[in-house]
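Architecture at a glance
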Amino acid sequence: VLRDIHQNPLKAGIVKNIEQYPWSSYQEYISEKDICETEFPLSVFSKDSKKAISLFKSFHAKENNDHCLYYMHKRTVPLLWMINMEKTFLK
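This report concerns the structure included in the present document. Please read all numbers here as calculations on a predicted model, not as lab measurements.

**A few points about the environment of glutamate 19**
- Tracing the backbone shows glutamate 19 in the loop between helix H1 (2-11) and helix H2 (26-30).
- The exposure class of glutamate 19 is partly exposed, given its relative accessible area of 37%.
- Considered as a pair, glutamate 19 and isoleucine 30 are 11 residues apart in the sequence and their alpha carbons are 9.6 Å apart.
- Residues within four places of glutamate 19 in sequence aside, it is in contact with Tyr26, Gln27, Ile30 and Lys57.

As structure tokens, this is what we get:
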């Protein structure tokens, strides 16, 4: 599910690399820990934190067809994302 969530901006065509999306928790898993609890999800990959981060990055870099949280047609995602961003940040 994490990979699906982190790859949503990529699949929607918003970014070319998941590390480029500024509102993702992905950075917290690979470097900057601030508000997300990352210890348990990373421990699924390895008990060694450096190895876990490396495996996490490799897992996320793989092209896939995960559809864990999709309930709408794919073409509506960018439009809905833009509408929600306008409501949230352009008040």
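Right, picking up where we left off after that structure.
**Concerning helix H4 (residues 49-61)**
- When the terminal C-alpha atoms of H4 are compared, their 18 Å separation across 13 residues agrees well with the 18 Å that a helix rising 1.5 Å per residue should span.
- Listing the buried residues of H4 in full gives Ala52, Ile53, Phe56 and His60. Taken end-on, H4 shows its buried residues confined to a sector of 100°, consistent with a single buried face. Across H4 from its buried face, at more than 90 degrees, point the exposed residues Lys50 and Ala61.

**Re the packing of H1 against H4**
- Following both chains from N to C, one finds H1 and H4 inclined at 60°, their axes separated by 10 Å at the closest point. The pairing of H1 with H4 is recorded here as oblique in orientation. The interaxial crossing formed by H1 with H4 has right-handed handedness. Along its contact with H1, which presents Leu2, Arg3, His6 and Gln7, the element H4 presents Phe56, Phe59 and His60.

**Observations concerning the nonpolar core**
- Counting eight residues, the largest nonpolar core is built from Ile18, Tyr26, Tyr29, Ile30, Leu42, Ala52, Ile53 and Phe56.
- Counting residues per element, the ones that place at least two in this core are H2 and H4.

**Structural notes on the environment of phenylalanine 56**
- Tracing the sequence through the fold places phenylalanine 56 in helix H4.
- Taking the C-alpha atoms as reference, phenylalanine 56 lies 9.9 Å from leucine 2; in sequence the two are 54 residues apart.
- Sequence-distant contacts of phenylalanine 56, defined by excluding residues within four places in its chain, comprise Leu2, His6, Tyr26, Tyr29, Ile30, Leu42 and Phe45.

Definitions and limits used
Residues numbered from 1 in each chain as written. Predicted model: local features only at pLDDT ≥ 70, side-chain atom pairs only at ≥ 80, totals over all residues. Heavy atoms only, no water. Helix = DSSP H or I, 4+ residues; strand = E, 2+ residues; numbered from the N terminus. Buried < 20%, exposed > 50% of the residue type's maximum accessible area, 1.4 Å probe, protein only. Contact = heavy atoms within 4.5 Å. Expected span 1.5 Å × (residues − 1). Arc of directions from axis to C-beta. Axes fitted to C-alpha atoms, helices over the stretch in contact; angles between N-to-C directions. Parallel < 35°, antiparallel > 145°, perpendicular 65-115°, else oblique. Left-handed = near helix turned anticlockwise from the far one by under 90°. Core = buried A, V, L, I, M, F, W, Y, C linked by side-chain atoms within 4.5 Å.

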